[in-house]
Amino acid sequence: MQREGISTAMTVQSIMTAKPLTLRSDDTVARAAELMLAHRYLILPVVDADGRCAGAFDMWDLLALLLPKAATLDHLVPDLGFLGDDLPNLQAKLKEIGGQPVGPLARPDLPLLKPDTPVVEALLLLYRNRTTLPVVDEKNCVIGVLSYWDALAAIANKK
């Protein structure tokens, strides 16, 4: 079926970013931060030794590791102005947590897209989850990611 030159039966495979950058479960928080900075990514899929999706590690997971635990629990602490933490203290904290593996920190709750997922279904999942989503094959191996940029580029006919 066609509508104004765009297939209404498009699937995720036609608009995803294939062969995405991933983290291995045994990669460290420091490695994740390095890759996020170098590529300006907010989220990276985490894969096990066989390439199967183990979850995702994102910028908010990283920021949560840098903040006092109480500050991350349901707005228990309204602000942190009373703390004396400054940039050197946060840099030291990043160095301290940098050796932790990302595997146990990876979010396993994100939905996994399949290559044949209809684009409109993927849009709904992007909207509900507000983040880039992994695309996996029949063995749950990460073969791509679908970001809101990928979706918008396809919809705007820029991809």
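Preceding this section is the structure that the text describes.
Report on the accompanying structure. Here the residue numbers are simple positions, counted from 1 along each chain's written sequence. In keeping with the model being predicted, local features are shown solely for residues with a pLDDT of at least 70 and side-chain atom pairs are shown and tallied solely at 80 or more, while totals for entire chains, interfaces and linings include all residues. To obtain the side-chain values, all non-hydrogen atoms of the structure were used and water was disregarded.

1. With respect to the packing of aromatic side chains
Now for step 1: Geometry of aromatic contacts follows a simple scheme: Phe, Tyr and Trp rings, the Trp one being its six-membered ring, pair when their centres are within 6.5 Å, and the pair is stacked under 30 degrees between planes, edge-to-face over 60, tilted otherwise. Enumeration over the complete set of coordinates arrives at one aromatic pair.
Now for step 2: Look at Y148 and W149: their rings are 5.5 Å apart centre to centre, the planes differ by 50 degrees, and that puts the pair in the tilted class.
Now for step 3: Lysine and arginine charges are scored as sitting over a ring when NZ or CZ, respectively, is within 6 Å of the ring centre and within 35 degrees of the ring normal. We note R130 situated over the ring of Y127; from NZ or CZ to the ring centre the distance is 4.6 Å.

2. Regarding the sheet that holds strand β8 (residues 142–146)
Now for step 1: Ordered by their spatial adjacency, three strands build an open sheet running β3-β8-β7, and the pairing between neighbours is antiparallel. Sheet topology places β3 (17–18) and β7 (133–136) at the edges, where each strand pairs with a single neighbour.
Now for step 2: For β3 and β8, the ladder comprises two bridges, and the chain directions are antiparallel. Its bridge partner lying in β8, T17 is registered against V145. Strand pairing is assigned whenever DSSP detects at least two bridges linking the two strands. Secondary structure follows DSSP: runs of H or I at least 4 residues long count as helices, runs of E at least 2 residues long count as strands, and numbering of each begins at the N terminus.

3. Comments concerning the pattern of salt bridges
Now for step 1: In what follows, salt bridge is the name for a side-chain nitrogen of Lys or Arg lying within 4 Å of a carboxyl oxygen of Asp or Glu. One pass over the structure, following the stated rule, counts seven salt bridges.
Now for step 2: The residue D58 makes a salt bridge to R107 at a minimum N-O spacing of 3.0 Å. Here D58 is found in strand β6 (residues 53–58), whereas its partner R107 is found in the loop between α3 (87–97) and α4 (119–129), with 49 residues between them in sequence.
Now for step 3: The shortest N-O distance in the salt bridge between R107 and D109 comes to 3.3 Å.
Now for step 4: Assessed through its relative accessible area of 23%, R107 is described here as partly exposed. For every residue, the accessible area obtained with a 1.4 Å probe (protein chains only) is divided by the maximum for its type, and the residue is called buried under 20%, exposed over 50%, and partly exposed between those limits.

4. Comments concerning helix α5 (residues 148–155)
Residue pairs three or four apart in sequence face the same way in an α-helix, which turns once every 3.6 residues.
Now for step 1: Every buried residue of α5 is accounted for by D150, A151 and A154. Projected down its long axis, α5 carries its buried residues within an arc of 95 degrees, all on one side.
Now for step 2: Where α5 starts, the residue carrying a side-chain oxygen 3.2 Å from the main-chain nitrogen of W149 turns out to be S147. Arc, as used here, means the arc of the directions from the helix axis to the C-beta atoms. Side-chain atoms alone can form a polar contact between residues adjacent in sequence; in general such a contact is a pair of N or O atoms within 3.5 Å, and within protein one must be able to donate a hydrogen while the other accepts it.

5. Side note on the sheet that holds strand β5 (residues 43–47)
Backbone-to-backbone hydrogen bonds join strands into a sheet, with any given pair of strands oriented parallel or antiparallel.
Now for step 1: Taken together, the three strands give an open sheet; going across it, the order is β4-β5-β6, and neighbouring strands pair in mixed fashion. Here the strands that pair on one side only, and so sit at the sheet edges, are β4 (23–24) and β6.
Now for step 2: The sheet contact formed by β5 and β6 spans five bridges and is antiparallel. Residue pairing across strands places P45 opposite A56, the latter belonging to β6.

6. As for the nonpolar core
As a rule of thumb, nonpolar side chains are buried together in soluble globular proteins.
Now for step 1: By size, the foremost hydrophobic cluster in this structure holds 16 residues, and its most contacted members are V12, L113, L133, V135 and L146.
Now for step 2: Contacts between residues were defined by any pair of non-hydrogen atoms, one from each residue, lying within 4.5 Å. With residues up to four places along the chain from it excluded, the contact list for V135 reads V12, M16, L113, K114, P115, C141, V142, I143, G144, V145 and L146.
Now for step 3: Take the buried Ala, Val, Leu, Ile, Met, Phe, Trp, Tyr and Cys residues and link them wherever side-chain atoms come within 4.5 Å; each set so joined is a nonpolar core. Residues M36, V46, I97 and A106 belong to the second largest nonpolar core, which totals 15 residues.

7. A few points about the packing of helix α2 (residues 59–66) against α3
Now for step 1: Note on method: axes are straight lines fitted to C-alpha atoms, helices fitted across the in-contact stretch only, with angles between N-to-C directions ranging 0 to 180 degrees. α3 packs onto α2 with a crossing angle of 110 degrees between their chain directions and a minimal axis gap of 9 Å. Compared by their axis directions, α2 and α3 come out roughly perpendicular. Counted together, L62, L65 and L66 of α2 and L90, K93, L94 and I97 of α3 form the full contact between these two elements.
Now for step 2: Under the scheme applied, nonpolar residues are Ala, Val, Leu, Ile, Met, Phe, Trp, Tyr, Cys and Pro; charged residues are Asp, Glu, Lys and Arg; polar residues are all the others, including Gly. Among the residues forming the contact of α2 with α3, the class breakdown is six nonpolar, no polar and one charged. Roughly parallel covers angles under 35 degrees, roughly antiparallel covers those over 145, roughly perpendicular covers 65 to 115, and oblique covers all other angles.

What is shown is where atoms sit, not what they do.
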